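For reference, the chains in residue letters:
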Amino acid sequence: MLSGAPAASAKAVLEELGFSVEEGVRVRGLSGFEHDFALVARKGDRVVCVSIVKANPTRIFAEVAKGLDVPHEIVVAAEGEPPPKAVELSRKGRVKIIAFKSAEELAKELKKALA
């Protein structure tokens, strides 16, 4: 999972939107299995789990699969160019894939995904 500037940018956006944010969090799924996320943000009853990964299709889909077990919103931020069809399909569900090439672009796309 990526850290550094992308994670700092995502954390700043979440805090700007009024979320309390934890870094490097393990979330227990419905199965009892624990899943790792770069960030977990909470605001009232809303919980958003954020993974930040390279745009490798296998890695992206491994993160998306967490949505089968974790009942919260999930944002998979993929650095580079993830499969366009996967990004398109994720716009309607609880698990969203966003693409970014810079920390600034990640901030912009994360705001849109959480609107």
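Residues numbered from 1 in each chain as written. Predicted model: local features only at pLDDT ≥ 70, side-chain atom pairs only at ≥ 80, totals over all residues. Heavy atoms only, no water.

1. Section: the nonpolar core
Here's step 1: Membership of the largest hydrophobic core comes to 21 residues, with the highest contact counts inside it found for L14, L39, V50, I52, V75, I98 and L110.
Here's step 2: Of all elements in the fold, only α1 (5-16), β2 (34-43), β3 (46-54), β4 (73-79), β5 (95-100) and α4 (103-114) reach the threshold of two or more residues within this core.
Here's step 3: Element by element, the count of residues in this core is highest for α4, at 5 residues.
Here's step 4: Counting residues in hydrophobic clusters, the runner-up holds 17 residues, among them V47, A55, I60 and V87. (Core = buried A, V, L, I, M, F, W, Y, C linked by side-chain atoms within 4.5 Å. Buried < 20%, exposed > 50% of the residue type's maximum accessible area, 1.4 Å probe, protein only. Helix = DSSP H or I, 4+ residues; strand = E, 2+ residues; numbered from the N terminus.)

2. What to know about the sheet that holds β3
Here's step 1: With mixed pairing, 5 strands are arranged side by side in an open sheet as β1-β2-β3-β4-β5. Both outer strands of the open sheet, β1 (20-28) and β5, are each paired with one neighbouring strand and no more. Along the sheet, successive strands turn relative to each other by an average axial angle of 30 degrees, direction set aside.
Here's step 2: Sheet topology places β3 next to β4; 7 bridges connect them, and they run parallel. By the bridge assignment for β4, V53 is matched with A78. (Pairing = 2+ DSSP bridges. Axes fitted to C-alpha atoms, helices over the stretch in contact; angles between N-to-C directions.)

3. Quick word on the side chain of K96
Here's step 1: With respect to the helices and strands, K96 occurs in strand β5.
Here's step 2: Of the side chains with opposite charge, E73 lies nearest to the buried K96, which makes no salt bridge, at 5.7 Å.
Here's step 3: If sequence neighbours within four positions are ignored, K96 has contacts with I74, V75, V76, S90, R91 and A113. (Lys, Arg positive; Asp, Glu negative; His and termini not counted. Salt bridge = Lys/Arg side-chain N within 4 Å of Asp/Glu carboxyl O. Contact = heavy atoms within 4.5 Å.)

4. Quick notes on the layout of surface pockets
Here's step 1: By volume, the largest pocket is sized at about 220 Å³.
Here's step 2: Lining the largest pocket, in full, are V87, S90, R91, K96, I97, I98, A99, E105, E109, K112 and A113.
Here's step 3: Elements that contribute at least two residues to the lining of the largest pocket include exactly α3 (84-90), β5 and α4.
Here's step 4: When the residues that make up the lining of the largest pocket are grouped by side-chain class, the tally is 5 nonpolar, 1 polar and 5 charged. (1 Å grid on protein atoms, 1.4 Å probe; cavity = no way out; pocket = protein on both sides within 12 Å on 5 of 7 lines; lining within 4 Å. Points joined across faces, edges and corners; volume = space filled by probe spheres on them. Nonpolar A, V, L, I, M, F, W, Y, C, P; charged D, E, K, R; others polar.)

5. A word on the pattern of salt bridges
Oppositely charged side chains can form a pair if their charged atoms are brought close together.
Here's step 1: Taken as a whole and assessed by the stated rule, the structure comprises 13 salt bridges.
Here's step 2: With a closest N to O distance of 4.0 Å, K11 and E15 form a salt bridge. Placement of both K11 and E15 in helix α1 is noted, with a separation of 4 residues, approximately one turn of the helix.
Here's step 3: Accessibility expressed as a relative area gives 22% for K11, which makes it partly exposed.
Here's step 4: Take E15: its relative accessible area is 41%, and that puts it in the partly exposed class.
Here's step 5: The shortest N-O distance in the salt bridge between K11 and E23 comes to 3.0 Å. Of this pair, K11 sits in helix α1 while E23 is found in strand β1, placing the two residues 12 residues apart along the sequence.
Here's step 6: Each of K11, E15 and E23 takes part in one network of salt bridges that share partners.

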